[in-house]
Every structure is written in structure tokens, then in C-alpha cells.
Amino acid sequence: MRLLFTGRAVRAARKSFISPTKPNRRINTNAAVESEFSRDVPIRGVEPDTRSIRPTDIHPTEQSAASSQGDPFKAFLLEKQEPNTIINRDANSGVVISSTPYRLDSTSNLSPSILKLLDRRLYLEPNHPISITRKLIESVFPQPVYQNYIATNPVVSTAANFDLLGFPADHPGRSTTDTYYVNKDRVLRTHSSAHQPAAFQKMLKPGSASGYTICADVFRRDSIDRSHFPVFHQMEGARLWRKPRKDERGLPLSTYESFHRRRDTMKKNLEELGTTTVDAEDPAPAFTLDNRNPRQLSHHHEEVRLMAAHLKRSLETLVDKVFSAAKQASISSGHLDPSANSEPLKVRWVEAYFPFTTPSWELEVYWQDSWLELLGCGIVQQSILEQADLSDHIGWAWGLGIERLAMLLFNIPDIRLFWSEDRRFLDQFQAGKISRYEPFSKYPACYKDVAFWIDPSPAAASPILSEPSSSAAATGGLAASAGGDSTKSPPSSSPTKLHKSAFHENDVMEIVRDVAGSLAEDVRLVDEFVHPTQGRKSLCYRISYRSLERTLTNEEVNDLHARICERLGEMGAVELR
Ligand code: FA5
Ligand code: MG
């Protein structure tokens, strides 16, 4: 329910916070941000998938020792050896994540239910569908053209997650209602793009790959339904083309000649991709400089055309591979007759907005009677490449939700299943093999409603603006944390602390998650009205409880529900009815 508008509405609103006439504006990098970025980000957390730690990579233990230096409380946190647990001592609170101690402050909003999931590292479990899907994606973007990375430490600076990617200071994604803050300077990354500048810097080295993929778990305080979970996995990809300065004999090339050489390489690379059987709807207009989905001022339209074609064809090749594999799995399991004339896959490109790419698009597939958003992508803002000293380069980037692909690949109906520790789920999958998930049983759901009054002030505006929450699943969502949704009301400060008087739906979600964990299948607003004389607003949420592994007892559900009501009652912004 964070996702209130579709990509189209966002595009209409994009003018409000980025000047399309200045697509190459410099990103705000004050000295503190810059020095932290150049010291920390390029070497922390992004590891080549080969696991061969290169000499430039700081080993986590060195990092943790360094990060506690001069701070006795941090040293105490490390000694305790209780990772991913909030530790309080005297007036101090802290947590150790990925061997690094962090002090918490008044901005922190980490919850135990989220911290518990940090060490699962599903992307490294060879027989887990997340890892199998990661490998499949990497096979479409293989070495040596692409370096395949895994970013294991989920804590990134707010600079890396937002500032360096051009997020405006008042972007709603920075709000504590949307993002998990470790402290005022660090967040659990909300998207794998947080590693984009670091990965670009790694491409500076002569002879390095011209593209990359990065796999990361990402965190968003989000709605609760079958296709949204507060922790999910993203894969990020990028490909760059360098403008050659010299010819084969080392003689300088004219601007004209170097432009043509790069263009010819791009053409050749596009041809090398071959064709796909995916027939995607693509109503993309010409690459203009107007403010709808503009190309960048410094990019020649022919280069943009070639990059966009290469980007889209690469991703269509991925979709083609995924759906062929899923179809094959259905045939092998006897669910699909190979001679049957199965429906062709329906795929479409939709214009989108991200602060770090322009033009931008999303790719949607028609799945279970609605359009499901698989990924966002676009042409990298030149300012980001300039920050990484890659001003001779141009290129594209994309970011996709691994669960979204894996659900299609393995026919997994509920995103919570990925976190199941039930052997009946886990034993169904095998590294390198796409198989169709066979539900072991469907246990009954139990619905319970909770109704409350909220403060009628503007800060407590309706959580439903125009679409019901089910639309989030259908669109795949334009998460504010990733720059998609410019239409949410902006935070009053950055980052916004939850004001006692302001109601935010994501806080309801967080309480439900904290109390019921993955036993909460879906939470949706079913009723809202304003009291005719008192002017107070009433909201009623329906919580659906269902275990994927057993039948819940009545007492258990009553107890969970009572605890949720109690926690909501403690939240200053609501009054239970
Ligand atoms: C992003 O996160 C951008 N960083 C993507 C990007 C990268 C754009 C590089 C341009 C260049 P978005 O918020 O739309 O964008 O998320 C990307 C994908 O993650 C979505 O298309 C969807 O497949 C998946 N996703 C988003 N939210 C969730 C969620 N709560 N649960 C599962 N998957 C999600
Ligand atoms: Mg999106």
C-alpha cells in the first residue's frame, strides 16, 4: 500500500522534482559525502561472485576492527557476539550487522523481525529458488563482458542509497515510514542501485569488464500481500561503452572519429545479441529533449536509440529464457501438454521515472490476469558516470525483483514461501534446475478486522489516495524508496521521524509484521469514513492470517490479533474503536 500510483501518474508528476532541461546537473556531493564514498563504498559489501576477494577489497573482520576504533561501546558490541540483535547498555543502543558495529540513534527504526532475516543470505544457498534465479540471470549477463557481484552487507550510507543517485532532499523514499534507518547516516539499502556508483568505480581499472550485475537483499517498509515482503532480492545490471580517444597505433582520434567508432561498436554489440521470440509492446516515442521521458542533453539521439535497443533486447532475452525455462518445467511435470498451443507471452514496455536514469522504462508481463512489473531501467545519468570518473562512457542500467521472476519461473504463489524453512518447500529445488513448485498443502486463512480513529489533521491524510492496495501487486509497485513514486506527500524533514500525531499506514504494516511475522498473509484497508459531526476519520483494516506450514489455532490467531490491537493502541496517532 506504499504504492499508490502507477508509472504513468509518476511520469506526469516528474516535473515537480527534476528539471528535465538540466538532465546532467551535478549531484550534490559535499566533502563529507565524497570522502566517505571514495573511502568506503567502492570496497565495502560488493564482492565478485567468484568469491575471490581482490586485494582492494577490505575483509569484513578488518573492517569491523577499524569501525570500532576509539569507540568503547562499539568494541563492546563486537565482544558481545550477538549479531543482528539490538543491544542496549546505559544510554547507548547498537547493533552488529555483517561484522560491523553501528550505534543506533533517534532516527533508528530497525525492528527485530527485520534483523532476524539479515543472515539468511538466500542468494548464496545453491538449491534455493532465489539463488537458482540469480544464476539464471547471470547466465544472460555473463563474464567476461559482465562482472557478477554479490553485495553482502545490507547497510549503506544515505549518501550511497539516495544522494549520489540524485534523490532530492525531500524525496518521500527517505522517510522513516518507508525506509529502515540504522541511524541518521545509514540505512538498510532500499535498492541494489545503492551500489551502482561503487560498481562503476570498479570499472575504472584498465581491462575491467564493460558491465556488471549485482545481487543484493533490499529492505522496504512496505505493504503486506502475496507479492510484497519487507525484505526481497534485487539484481542490478549495467553496461557501458567507452569513447575511444586513440586509434590502434596510439594516435589521437578526432571527436567525430571517436563518436563513430563507439557508435559502430554499439551497433555490432546489438547485432551480437541476436533476436528473441518475445514480442513486446513498445509504444516508446522518439528520444526527444522534451520533459516526458527525455534523453540527456549530452547524448546523441542515435546513441540513445542504440543503447535503448541494446538494453531492451538484453532484457527481452532474459524474459525469453525465463519463460522458456518455466514452460519446460510445466511440460516436464505434466502440467502442460507440449503439443498444446499455449498463449504467447504478453510483455510491454512502459515509460517510467528514476532520478538516476533518463530516459527510463519499466517492463511488465501479463501474469494471472494482470500486468506485473518485473523491472525498472534506463540510460544512466551522465552525472553519475562523471562522479565515477567515467565521463568518456555512456550506458544503461536496470534493476529487477528476483522474487518476481522466481515466482513465474517456479510457479510459487506467495512471496513468503521464499523464507520458509520447511523441508517440504526447500527440498523441491535443486541448483541449476527449474522445476514447478508443488504446493504441499493449503492451510485455511483466518480474517480479523481492526478499526480505529485517526487524527483528522492533514498529516493524517487518507492512506488510500486513488487505488486499492491490490493495485500494488498488479503494478509491481513504484516504490518511493527507489525513486519511483514522486506523488506521495513529502516528509516534513529529512529523514522524517515518525511524528506521534501523524498516522502512516506503513507503521500499521510494521506492527503486524513485528507481531505476526510471516503468519500475516495480507493486510488491506476495507473501510474508511469521516464522522459527520466530529470530523474524525475511521479506518478499518482486514488482516488475513495464514501459515504456509500448518493450520493456525483459534487461540493463536486471537492472541496475535489482540497483541496487534494493543500495539496499535499504544501508537499515539490512533484510537481503537
Ligand atoms: C528500483 O528499485 C530501481 N533501483 C531499479 C532501477 C535500477 C531503475 C537501475 C533504473 C536503473 P523499483 O522500486 O521499481 O526500482 O524496484 C525494481 C523491481 O523490484 C520492481 O520492478 C519489482 O520487480 C521489484 N520490487 C519492488 N518492490 C518490491 C517488493 N516489495 N517485493 C518484491 N519485489 C519488489
Ligand atoms: Mg517500480
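In the block above lies the structure referred to throughout.
Each chain carries its own residue numbering, running from 1 in the written order of its sequence. Here the convention is simple: chains get letters from A, ligands get numbers from 1, in the order in which they are written. Totals for whole chains, interfaces and linings use all residues, but because this is a predicted model, local features are given only for residues with pLDDT of at least 70 and pairs of side-chain atoms are given and counted only at 80 or more. Values shown for side chains rest on all heavy atoms present in the structure; no hydrogens or waters enter the calculation.

Student: Requested: an account of the site of ligand 1, with residues and values cited.
Tutor: Taken together, 27 residues surround ligand 1, and among them His191, Ser193, Arg220, Glu373 and Leu374 come closest. Here a polar contact is recorded for every N or O atom pair within 3.5 Å, except that within protein the pair must consist of a potential hydrogen donor and a potential acceptor, and residues adjacent in sequence are included only if both atoms are side-chain atoms. Take His191: an N or O atom from its side chain is 3.0 Å from a nitrogen atom of ligand 1. Here an oxygen atom of ligand 1 sits 2.9 Å away from a polar atom, N or O, in the main chain of Leu374. Computed by Shrake-Rupley with a 1.4 Å probe, the accessible areas treat only the displayed protein chains as cover when residues are assessed. Summarising the interface, the protein chains cover 100% of the accessible area of ligand 1, which totals 680 Å² for the free molecule. The helix count covers DSSP runs of H or I at least four residues long, the strand count covers runs of E at least two residues long, and both are numbered beginning at the N terminus. When residues of the shell around ligand 1 are traced back to their parent elements, those giving at least two are strand S10 (231-242), strand S14 (370-380) and strand S15 (393-401). Per-element tally for the shell around ligand 1: the top contributor is S14, with five residues. By convention in these notes, a residue is near a molecule or strand provided one of its non-hydrogen atoms lies within 4 Å of it.

Student: Can you break down helix H15 (residues 505-516) residue by residue, with the values?
Tutor: The first and last C-alpha atoms of H15 sit 17 Å apart over 12 residues, in line with the 16 Å expected at 1.5 Å per residue. The classification of residues rests on relative accessible area computed with a 1.4 Å probe and restricted to protein chains. Under 20% of the type maximum is buried, over 50% is exposed, and intermediate values are partly exposed. Within H15, 11 of the 12 residues are buried, leaving the element largely enclosed by the surrounding structure. The complete set of buried residues in H15 reads Glu505, Asn506, Asp507, Val508, Met509, Glu510, Ile511, Val512, Arg513, Val515 and Ala516. Of the residues flanking the end of H15, it is Gly517, one or two places downstream, whose phi is positive at about 55 degrees. By this rule, a helix spans an expected 1.5 Å times one less than how many residues it contains.

Student: I'd like a description of the pairing of strand S17 (residues 520-530), backed by residues and values.
Tutor: By definition, two strands form a pair when at least two bridges between them are found by DSSP. Here S17 pairs with strand S18 (residues 537-545) via nine bridges, running antiparallel. Paired with Asp522 across the two strands is Ser544, which belongs to S18. Between S17 and S18, which pair antiparallel in sequence order, lie six residues; one of them, Gly535, sits at a positive phi of approximately 75 degrees.

Student: Break down the packing of helix H9 (residues 255-272) against helix H10 (residues 301-332) for me, citing the residues and quoting the values.
Tutor: Interhelical geometry of H9 versus H10 gives an angle of 25 degrees and a closest axis separation of 10 Å. Judged by the angle between their axes, H9 and H10 are roughly parallel. Here H9 runs over H10; the crossing is left-handed. On H10, the residues that touch Phe259, Arg262, Arg263, Met266, Lys267, Asn269 and Leu270 of H9 are Glu302, Glu303, Leu306, Met307, Ala309, His310 and Arg313. By residue class, the composition of the contact of H9 with H10 is six nonpolar, two polar and six charged. To get an axis, a line is fitted to the C-alpha atoms, and for a helix only the part in contact is used. The angle between two axes follows their N-to-C directions and goes from 0 to 180 degrees. An angle below 35 degrees is read as roughly parallel, one above 145 as roughly antiparallel, one from 65 to 115 as roughly perpendicular, and any other as oblique. Here a crossing is called left-handed whenever its near helix is offset anticlockwise from the far helix by less than a right angle, and right-handed whenever the offset is clockwise. In this description, contact between two residues means that some pair of their heavy atoms is separated by no more than 4.5 Å. In this classification, Asp, Glu, Lys and Arg are treated as charged, Ala, Val, Leu, Ile, Met, Phe, Trp, Tyr, Cys and Pro as nonpolar, and every other residue, Gly included, as polar.

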